[in-house]
Amino acid sequence: MAVGIELTLRTLLGSPNPRATDLLAIALGSSEVALRLGAVRALAIRDDEAGHRRLVDDWPKLPADARAALGDLPPRSSLTATLSKVIRDGTPKQVRRASEIAATLNIVDALPAIVEAASRPRMEGAAILAADAYQLACRLTEAVDLYDPLAKVDGGQHQPDPAFARRPAVNALVTALETYGDHRQLDLLQALLLLTPGDEPALLRALGDEGHSAHEALLKAIRTSRCRGVIEVLASALVDLRSPQPLLEIAAERCDREGLEALLAHLTYPIGLRIRENCRRVASFAWLEESRRGVICELPGPLQATAVQLAAASQADPRDIAGVIELVLDSDDAPARLAACRAIEALPQRAAVEPIRRALDADDPAVVAFAVKMVRAKNYPGATALLVGMLNNPDAKVRSAAGKSLRELSFATFRDSYAELPESSRSVVGKLVGKADPMAAPSLRAELGSGAVARRLRALELIGLMGLADNLAEELIACVTDDKDLGVRVEAAGLLGELTLRDEAVEALVEATGARSTALRATAEKSLQRLTGQTLAELTGSRS
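Residues numbered from 1 in each chain as written. Predicted model: local features only at pLDDT ≥ 70, side-chain atom pairs only at ≥ 80, totals over all residues. Heavy atoms only, no water.

Helix and strand counts for the protein come out as 35 helices and zero strands. Principal-axis analysis of the C-alpha atoms gives the protein an extent of 145 × 50 × 35 Å. In the protein, buried positions account for 48% of the 544 residues. Across the protein, every contact between residues at least 6 apart in sequence was considered, and the portion connecting residues at least 24 apart equals 66%. Accessible area of the protein: about 26000 Å², with a carbon and sulfur share of 51%. Counting 65 positive and 73 negative side-chain charges, the protein places the averaged centre of each group 1 Å from the other. (Helix = DSSP H or I, 4+ residues; strand = E, 2+ residues; numbered from the N terminus. Buried < 20%, exposed > 50% of the residue type's maximum accessible area, 1.4 Å probe, protein only. Contact = heavy atoms within 4.5 Å. Areas by Shrake-Rupley, 256 points an atom, 1.4 Å probe, with all protein chains shown as cover. Lys, Arg positive; Asp, Glu negative; His and termini not counted. Charge placed at Lys NZ, Arg CZ, Asp CG, Glu CD.)

Here is the structure:
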């Protein structure tokens, strides 16, 4: 019997006789499963509009197994064209049934017709049609994502590219967008956001025009949607300097893991100047809040780097930015850690203290080296002493950064902070400053001319620490011979021993050895021996 049923169905399938449609329609109600399932498939596959319309009319009465039998129809079957035609010119009941069939069977080619029907003013059952359109848009998106151009279906034919169905669907959805005020079907906007690229002109116009009928509805949809089109819209908004403020604020509000991850992936690291400029228009990012910033820890390292750059460019509370920086400094991703360290530069001094401390304590030498470069710029507590300590760091990059920062010290900074340094480090730092700051010698010269003894004594100490005795030889000689304060004369005499040999210094020291002060005489004799390599007796003997 099964063979007979199959032969009969094959005959009816290929028959051009209109009576074949009537026979197949009668077979739909058969209690014989094979006959019923074969009949429904034959009706669907036949190039017969009348049969397809009978299928639409009988759809509510079809049992579940008959509907399931239509699940693997050949692509681009003639049923698609009939369904689209019924949706466009059928009664409201026929339209809903044809739309349901298309949604059930995932016939995405019927999507434009369904969108057109759902967007008609006062269309009966428009919400159901819009829901079907959104469902098909989801299926179309999945098909595009999964499409493999090398894959073949039964018979060795390549699969048709589902992307060809997307453009007609987008065109219909764009038309529905422009007439949104006539139908108010939010599902059609969701379908458009799902399928359209982020730079769709009509979409951008609606988003930028507060008077557009779909403006508010679009903003509402974008606020919660995770589809690709929405993410592209938000990413494009952050790049475009003409973006409407509400759209930027929506981008800043996204803090769900999936949506945030997709958005950051579109922006990439490092962010460009236009993105930085738009970030300045944003008060804050939702994920900067202490209760929400944990989502940053769940992101891949490169996206953490992008996030911390966005935060640093925004107008957010520096304490919130610092909190995210501290989180990313603990990242397993080295570039993310370094990006977090670089972001500290955007923080004011007070907010930067804790992030710098954490960066200096990091195990990553690259992070430590970059943090070392910032300690002076951010007026980090005990910066000079810290830099001196870093000169002994085992990593060459850290030592180099510390040395460079110390060379950038000014005379005034060293003068005001050298007392905080360990005595063993004062000379090292002082000599770096003496070489780096061209104003060091002129500043000390001015200090030696001060009427305050304490300032002159401090200047002499600094000259010794900074190795600038030769640069100020004339002033030192004048101090030994002319200064009225004995302490100044003694200190200056000691510094003359550090000069390169010159007659004026020798004469001043010889003269000082005849002074009434025991301290001055002793210091002058020691400096003479250091300067000339001879004792006073040897020197005076050779002169006589």
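Every buried residue of helix H32 (residues 486-496) is accounted for by Val 488, Val 490, Ala 492, Ala 493, Gly 494, Leu 495 and Leu 496. Taken together, the buried residues of H32 touch helix H30 (453-466), helix H31 (473-482), helix H33 (503-512) and helix H34 (518-532).

Among all positions of helix H4 (residues 49-58), only Gly 51, His 52, Leu 55, Val 56 and Asp 58 are buried. Its side-chain oxygen at 3.2 Å from the backbone nitrogen of Ala 50, Asp 48 defines the N-terminal cap of H4. (Polar contact = N/O pair within 3.5 Å; in protein donor to acceptor, adjacent residues only side chain to side chain.)

This next bit is on the pattern of salt bridges. This structure, assessed with the given rule, holds 30 salt bridges. Among the ionic pairs, Lys 85 bridges to Glu 49, the shortest N-O distance being 3.4 Å. In this pair, Lys 85 is assigned in helix H6 (residues 78-89) and Glu 49 in helix H4, connecting sequence segments 36 residues apart. According to the relative accessible area criterion, Lys 85 is partly exposed, its value standing at 39%. (Salt bridge = Lys/Arg side-chain N within 4 Å of Asp/Glu carboxyl O.)

Okay, the packing of aromatic side chains next. Counted according to the given criterion, the structure contains two aromatic pairs. Measuring from ring centre to ring centre gives 5.0 Å for Phe 285 and Trp 287, while their planes differ by 25°; the resulting arrangement is stacked. Classification of Phe 285 as buried rests on a relative accessible area of 3%. When its relative accessible area of 1% is taken as the criterion, Trp 287 is described as buried. Centre to centre, the rings of Phe 414 and Tyr 418 are 5.7 Å apart; their planes meet at 40°, and the pair counts as tilted. Under the relative-accessibility criterion, Tyr 418 is labelled buried at 8%. (Phe/Tyr/Trp six-rings, centres within 6.5 Å; stacked < 30°, edge-to-face > 60°.)

Of the consecutive residues Tyr 269 and Pro 270, the connecting peptide bond is found in the cis state with omega at 0°. Checked against the element boundaries, Pro 270 lands in the loop between helix H17 (257-267) and helix H18 (273-279). With phi around 55°, Arg 122 is a residue other than glycine that occupies positive phi space. Its place among the elements puts Arg 122 in the loop between helix H8 (111-118) and helix H9 (126-146).

As a packed pair, helix H29 (residues 440-448) and H30 sit with axes 8 Å apart at the nearest point and diverge in direction by 150°. With respect to their mutual orientation, H29 and H30 come out roughly antiparallel. In this structure, the crossing between H29 and H30 has a hand that is left-handed. Counting all contacts with H29, which are made through Ala 440, Leu 444, Glu 447 and Leu 448, the residues of H30 involved are Arg 455, Arg 456, Arg 458, Ala 459, Leu 460, Leu 462, Ile 463 and Met 466. (Axes fitted to C-alpha atoms, helices over the stretch in contact; angles between N-to-C directions. Parallel < 35°, antiparallel > 145°, perpendicular 65-115°, else oblique. Left-handed = near helix turned anticlockwise from the far one by under 90°.)

The next thing to look at is the side chain of Glu 200. By the element assignment, Glu 200 lies in the loop between helix H12 (186-195) and helix H13 (201-208). Excluding anything up to four places from it in sequence, Glu 200 contacts Arg 167, Val 170 and Val 174.

Together, Glu 474, Asp 503, Glu 504 and Glu 507 give the surface a local cluster of negative charge. Element by element, the count of residues in the negative patch is highest for H33, at three residues. By the element assignment, Glu 507 lies in helix H33. (Patch = residues over 30% accessible without salt bridge, like charges linked within 9 Å, V, L, I, M, F, W, Y side chains within 5 Å.)

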